[in-house]
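Inside the fold
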Amino acid sequence: MLMLLLCIAQAYAQNRKVTGQVTGKDDGQPIPGVSVRVKGTSNGVQTGADGKYIISVPENGVLTFTFLGYAPQEAPANKPIINVILEFNSKQLGEVVVTGLGINKAKRTLGYAQTTVKSAEINLSSPINAMGGLQGKVAGVSISNVSGSPGGSTKVILRGYTSIGGSNQPLYVIDGVPLDNSTNGSDANFDMGNNANDIDPNMIDNISFLKGSAASAIYGSRGSNGVIVITTKKGKTGKPVIDFSTSASIATLGYLYEPQSEFGQGWDARFIPGENGNWGPKYDGVVRPWGAVVNNTQLIRPFSFIKDNVRDGYDNGLELNNNISVSGGTDASTYLISYGNIYSNGILPGDFDKFTRNNFSLRGTTKYKDFSADASLNYIDKNGNFLATGQAPTGISTSFYENMLQIPGNIPIKDLRNYKNLYFNVDDYYTPYAENPFYSLGETGSHSKSDRVYGNIKLDYKFTSWFTLQFQQSADVTNSADKIWYNTNTPTPGSWVGGGNTEGQTRKPDVGGVTEQNFENYEYDSKLQGLFNTKISSAFDFNGLLGVNYNDRGLRNAASSIEGLAIPGFYNLSNSVNPPTAAEAEAHQRLIGFYGQGTLGFKDYLYLTVTGRNDITSTLATGHNSYFYPAANLSYILSQSLDLKGSLLSYAKLRASYGETGSDTGPYSINNVLNSTNVGLGFGNLAFPFQGVPGFTIANTLFDKNLKPERVKDYEVGGEFRFFNDRLGFDLTYYQKTRQDQILSVPIAPSAGYTNKLVNFGAVRDRGVELAFSATPIKSGLVTWDMNYTFTHSQSVVTSLPVGLDKVILGGDGYGALFVAEKNKPLGLFEAPVAAYDPKGHIIVDSQGFPETAAANGIYGNFQHDFVMGWNNNIRVKDFTLGFTFEWDKGGKFYSGTADLAYFVGAAQGTTYNDRNPFIVPNSVQAVTDANGKVTGYTENTTPITEANTDDYYYFNSNKAQAWNYRILDRSFIKLREVSLSYTLPKTWLSAIGAQKASVSVYGRNLYTWLPAGNHYVDPEVSNYGTDLNSEFGEFRTAPPLRFYGASLKVTF
Amino acid sequence: MKNKYMTAKSVVFIISALIICGCNKINDINVSPNNPPLDKATPEVLFPSAVVSTAGRVGGELDIIGGLWSQYWTQSVAASQFRTIDAYSLTRNDFNGNYTELFSGALPDYQLAISQAKANKQYPFYLMCTVMKAYTYEVLVDLYDKVPYSQAFQGAANLQPKFDDGHTIYKGLLAEIDSALATNYNVALSDADAKTDFIFKGNMDNWRKFANTLKLKMYLRMVNAYPQEAQAGVQSLYTSGADFLDVDAGVNIFSDATNLRNPLYAYEVFNLGAVNLRASKTFTSWLVANSDPRTAIYFGTSSPTAIDQGNYTASQSAEPSYYSATSPKLSATDPVYFLTAAESDFLQAEAAARYGLGNAQASFDAGVQAAFAQYNLTAPTGGVYQYPASADLQTNLRAIIYQKWASYPNSHTLEGFFDQERTGYPEHSSVYSLDPNYVPGEWVYSKNGVTSGKFPKRLVYPEAERSTNSNTPPEVPITTPVWWGLPNN
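Report on the accompanying structure. The structure displayed is predicted, hence computed values, not measured ones.

Before going further, it helps to examine the overall build of chain A. Helix and strand counts for chain A stand at ten helices and 55 strands. Expected size for 1053 residues packed as a compact globule is a radius of gyration near 31 Å; at 32 Å, chain A falls within 12% of this value. Oriented by its inertia axes, the alpha-carbon framework of chain A measures out at about 105 × 70 × 65 Å. The buried share of chain A, reckoned over its 1053 residues, is 61%. When contacts within chain A are restricted to residue pairs at least 6 apart in sequence, long-range pairs at least 24 apart make up 69% of them. In the form shown here, chain A has an accessible surface area of approximately 37400 Å², with 58% of it arising from carbon and sulfur atoms. Side-chain charges of chain A comprise 86 positive and 93 negative groups, with the mean position of each set lying 9 Å from the other.

Structure representation (structure tokens):
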């Protein structure tokens, strides 16, 4: 067949050859499928996926360029290269988007929902990473900043979660090649950012979100969670253009917990000067001594609540985002050189949360006759200082945020800043139960440095008008290193903290330590593909591709640490009282994929696309490591087919798709191994070697050679409808995605000799509805108001679990709260102790009056939102544009370790219940037992929780039955994500400085957060449990989020 | 033109062929560079690992539970880590780690080492691993009653092992010890192999004695539930001329360095800042009443300030001394004992007292002396340190068990808890220790106890097993004695 086609193609050889590229005026993107004809003849070809064409033309011939949705053009064929720019006459029909493998296609041919956002939208409020400006703007795409630290990670999830134990991360593809998105060095204490955030958003031309398997299957295994396709800018033919943008933002504290303001320092309802709790008496404003007694002196101040106390512990931060690029080109070649610089210093006093990034990019394209090349090279230098969040490593150090939370409301945080001063230093801090947070700030820290190079080269050879061979090779290599340090201190015996306080308590020493880690990530991706593009008859056209892909990626990590510093304040691995511990880890995997795709179009209104891919992976055993998966989608342009032009309905498209994706697992998951023994003690460890003797133990996870690939099955139906000349439109999608045969390490009975087993099991099904509604309520020469509303509802349900398991524990912490998957229930349930009830529904309390704990845990709900809404507006009045975006996420639960500590220290608003007077647990009974301890009945409870026991009532150790009611909170929020006001400078001003265009903007990000009544503690979007499913468990005393205000200037010369 | 197509086709063909050929070997790289494969395991690397696993848990978190429930220590008023233990308010979600570590860490390593040692005729390792397996298993049986045994550690072959009753497991373990003793175990280990024996450095005579003493302990555990079997077992030991431990069986390998510290010290002192465990009035009142010189060893002072058991919610105004209560004296280099010479003597004393085997008086005295010699102290004489040599077994037994109780801190406190459950000594006090009529040493019901006056006797199966093994027996209250426990105690 191929030979036959080749022969036919040869028949065209005549006259002179003209090549060129057709691009869109709107976005400069190549347009595939443009019909290029010699005027007055039947001689015609179509542009390929890269917008390029090659045609034989007689002398003095004229070429016509026609494409649905664009105004036709003509050009005399008087030179060998003729590049053409077409202009829309119908946006919906003509829009071209980047699809699988970076190939451009007309959007109307796609049988699935795909959203594309453009550079202007991405950079509206000058975020320092690509996703930062898109929150609340795209249906089915959840974007959140999990930490408030500059340079921290951005969590992006496309549609709902379906993988229980594996990754739910989308695949990032930049200019057709995969991008590494590691989170090196990050753990529950440190968020050192994700690598996808390295891309300079100023250099992005557009981002497409491929949410379903029909769209993403062609990417192979890693596309099973959706794909984010990033296309970067490149130079355009013409004289050199200089783009310059600069922005400066002030970062301030976003949402911060609101402590109760009635009760002050103390415990058990008494004022105790050394206590870290707010369990003392009511504020009375009487001037009292506070803090340590030093040299027989003590500070005094009124015993009253200090407003904005915690806020005063933070400063304002500064963020600068600058970019300059030079680009241009000739008919044959283009170039682009860019430099971007980010400086961000967060809200902690000093440089303890500082982040800088330098991006250098080079991109060039060239063509010579039938050959063309496109290459890019990027270097990123990244430096960050990060502060530990969460629970500090016990015995080593304490954490800034935990120490902040433990300061009673009457102690002036502002004054504590100089932690070396008398009364605030190591020995004389007011309490032995916590440390001065500013000590934690100044004497602990981390630094992360990373060097990254990524780029690719793409070579095209256009053999004929309908066949192009393409080879693309990419490399993405990151070297990063981080260092974490904690100083050592020991309170002097007899000092206030060393036992001299009124309770005689001594704070344990911080032994301190240093950790050094190095990471190397590498990913090489090779791709050879043939692209076909032909018009079969007047009614049918076809384009397709066949390809092979080879991917090789891995990680090397070496880590060393010491515990205990010999010389305080000197942070080096040599400076230890203990021998260093060292560890290394490597991971290496390969994948080969063969794939093909074909789209058959009928009369510009019906398109069928069929895709198939077969992967061979290194991570599964022979016999299970080769797997095929198909996908198909259908697009029907109703408006075109029925020729509804001129009616109210300006555009209507129906689409349907089905897709599957196979997915492998991480390396080294099929053979059983030994571990060098490290016995966890609960607190602390015992690690070999002991006395020069090594010890190895059977690894706790039971691996399985028979693991097979996971499989995602996905279908989607939807439609796109536009009315009144596109003034009103909506796009509706219903989808169902099921991930089967999930590879998951499930807990097994320890008595089987292992704690976990890697298995393939059942399924999680995610169903959802995505609606995007757009309208232009006002459109006049003076004023244009565009708005865009998105609604997403999705729910992931566990439809099967491994045989014998009624639940799988996903994670959890929070002193006994678990994050679990149960069959036929929504994914990600919160399970924690609950109170015991008598048959009549009364709470059973024990002899102390405290509720008894039921034998089994109860369910406190799940993490999933009922819905997510976004409302995005752009109002243009002459040269001014006002934009603002709201997001409302409703429903779901999360665990808050901030709330936990706030309850422990009596700062939580809920602790003022009943004015802290003695009370009997409402609706409670006590069990009546016979001589054998058997319960014979229940009587009304008359034992109150005393004033002195109020604190115990809210604490999980003493009221296990109810504590999680106060710690598992409503996840809902409404946020004003972004506001921007831009002014486009008039041309007359610009000519004075030789600029082509310029605009200035003022903007704000994360401006305001509304939380439900039960949550006075923490922004539910923050987490220190990473960026995947586990992060939905909640947070453990993490950094508060940031709010930004700023201004930017963008000039093009 | 034609040539061009041919070239392109060749390129496609060659590259595809290369890739396809490569595919056969693609998963050759899937061998972990991070971990040795399972078949590289030997008794020499498994045994020391398993011993440290046993020591880490029995001498760590379980020692804290044992120490609180044997009333050596109680929870401090100024912290809260162990309140749930001290209030007997433990559920299936608490302390999963001990069960999990012993079942999936220590025991399968002993088991694999045993099968390899047997196959390779490494009989010294066979005996060492068998004794330590039995010791570790016994702790689990004594805490949980029924646990998996006959179907345990089979990995994928049996993911939900059935539970065997404690008596069956005891019999199985005793038989396993006998099999190991019946081999030609008494050969000298190489120097390198002897180093892997943290307990006796390859001294196989001591291993035999440890095996015999462990058997004696296990038979004596059965005196309530299976009195004939217990007696027959003890008698057969004596008739066969079994020798018992005269040195301490334990590990003395810890140092004050990262991840090498004594597990109790690492847990409570290094990580938690020594803010939780405080001297319990129950124990200090007995020590002080008897002017026991070990007081200074256990608490660092001969006049410790104590908190009454479980009274951790008392306010500073009510009980000002609580805030300056004494912590147990723990050191990073403390050994973890599995079975001490003193305990061996006291077990022999009990065997003599019960069955007239050997000399009860001599064994008792030897036990007291060994218990003090452990701390380089000279044993006092008279009073409670003197064997009553009564005609009444209970009087003798009481004296023995009190001395055992006083000897267990700081590293094998669980034994004090087990002894009380088995014998009823020290007695349960009818009044709280703040009461003037309180008798020093008698165990008081925790001030914040939630079990209606009933003392804890066991642990409930942890969620880690219950949620994964449908054979897990129904939950039994923690106040119900295990199979060998003294009824109505």
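So, next bit.
For the rest of this paragraph, the subject is the interface of chain B and chain A. At the interface, 102 residues of chain B touch 103 residues of chain A. Here chain B and chain A share an interface that buries about 8600 Å² over both sides, 59% of which is from carbon and sulfur atoms. At the junction of chain B and chain A, the tally comes to four salt bridges. Note that R261 of chain B and E563 of chain A form a salt bridge whose closest N and O atoms lie 3.2 Å from each other. The tally of links between chain B and chain A comes to 33 residue pairs in polar contact (both at pLDDT 80 or more). Elements with a minimum of two residues in the side of chain B that touches chain A: α1 (2-23), α2 (43-69), α3 (83-86), α4 (96-119), α10 (263-271) and α17 (463-466) of chain B.

Here we come to the sheet that holds strand β43 (residues 829-832) of chain A. Sheet strands line up and pair through hydrogen bonds in the backbone, either parallel or antiparallel. All names here are of chain A. Spatially, the four strands line up as an open sheet ordered β41-β42-β43-β45, and their pairing is antiparallel. Here the strands that pair on one side only, and so sit at the sheet edges, are β41 (807-813) and β45 (858-862). When strand polarity is set aside, the average angle formed by the axes of neighbouring strands in this sheet is 35°. As judged from the three bridges shared by β43 and β45, these two strands associate in the antiparallel manner. In the strand pairing of β45, L829 is matched with N862.

Taken as a whole and judged by the stated rule, the model has 73 salt bridges over all chains. Across the pair R711 of chain A and E660 of chain A runs a salt bridge whose closest N-O atoms are separated by 2.5 Å. Taken together, the residues R711 of chain A in strand β37 (residues 710-723) and E660 of chain A in strand β31 (residues 649-663) connect sequence positions 51 residues apart. Considered together, R711 of chain A and E660 of chain A belong to a single accessibility category, that of buried residues. Ionic pairing is found between D205 of chain B and R208 of chain B, a salt bridge with its closest N-O pair at 3.0 Å. Of this pair, D205 of chain B and R208 of chain B both sit in helix α8 (residues 204-221), three residues apart, roughly one helical turn. The class of D205 of chain B is partly exposed, set by a relative accessible area of 34%.

Moving on, we come to helix α16 (residues 414-423) of chain B. Residue and element names in this part refer to chain B. Counting buried positions over the ten residues of α16 gives ten, a clear majority of the element. Of all the positions in α16, only L414, E415, G416, F417, F418, D419, Q420, E421, R422 and T423 are classed as buried. The elements touched by buried residues of α16 are α2, α5 (123-144), α8, α13 (341-355) and α15 (393-407). Two residues or fewer past α16, G424 is found with a positive phi of approximately 85°.

What counts as what
- Residues numbered from 1 in each chain as written.
- Chains lettered and ligands numbered in written order.
- Predicted model: local features only at pLDDT ≥ 70, side-chain atom pairs only at ≥ 80, totals over all residues.
- Heavy atoms only, no water.
- Helix = DSSP H or I, 4+ residues; strand = E, 2+ residues; numbered from the N terminus.
- Rg over C-alpha atoms; globule rule 2.2 N^0.38 Å.
- Buried < 20%, exposed > 50% of the residue type's maximum accessible area, 1.4 Å probe, protein only.
- Contact = heavy atoms within 4.5 Å.
- Areas by Shrake-Rupley, 256 points an atom, 1.4 Å probe, with all protein chains shown as cover.
- Lys, Arg positive; Asp, Glu negative; His and termini not counted.
- Charge placed at Lys NZ, Arg CZ, Asp CG, Glu CD.
- Buried area = accessible area lost by both parts, 1.4 Å probe.
- Salt bridge = Lys/Arg side-chain N within 4 Å of Asp/Glu carboxyl O.
- Polar contact = N/O pair within 3.5 Å; in protein donor to acceptor, adjacent residues only side chain to side chain.
- Pairing = 2+ DSSP bridges.
- Axes fitted to C-alpha atoms, helices over the stretch in contact; angles between N-to-C directions.

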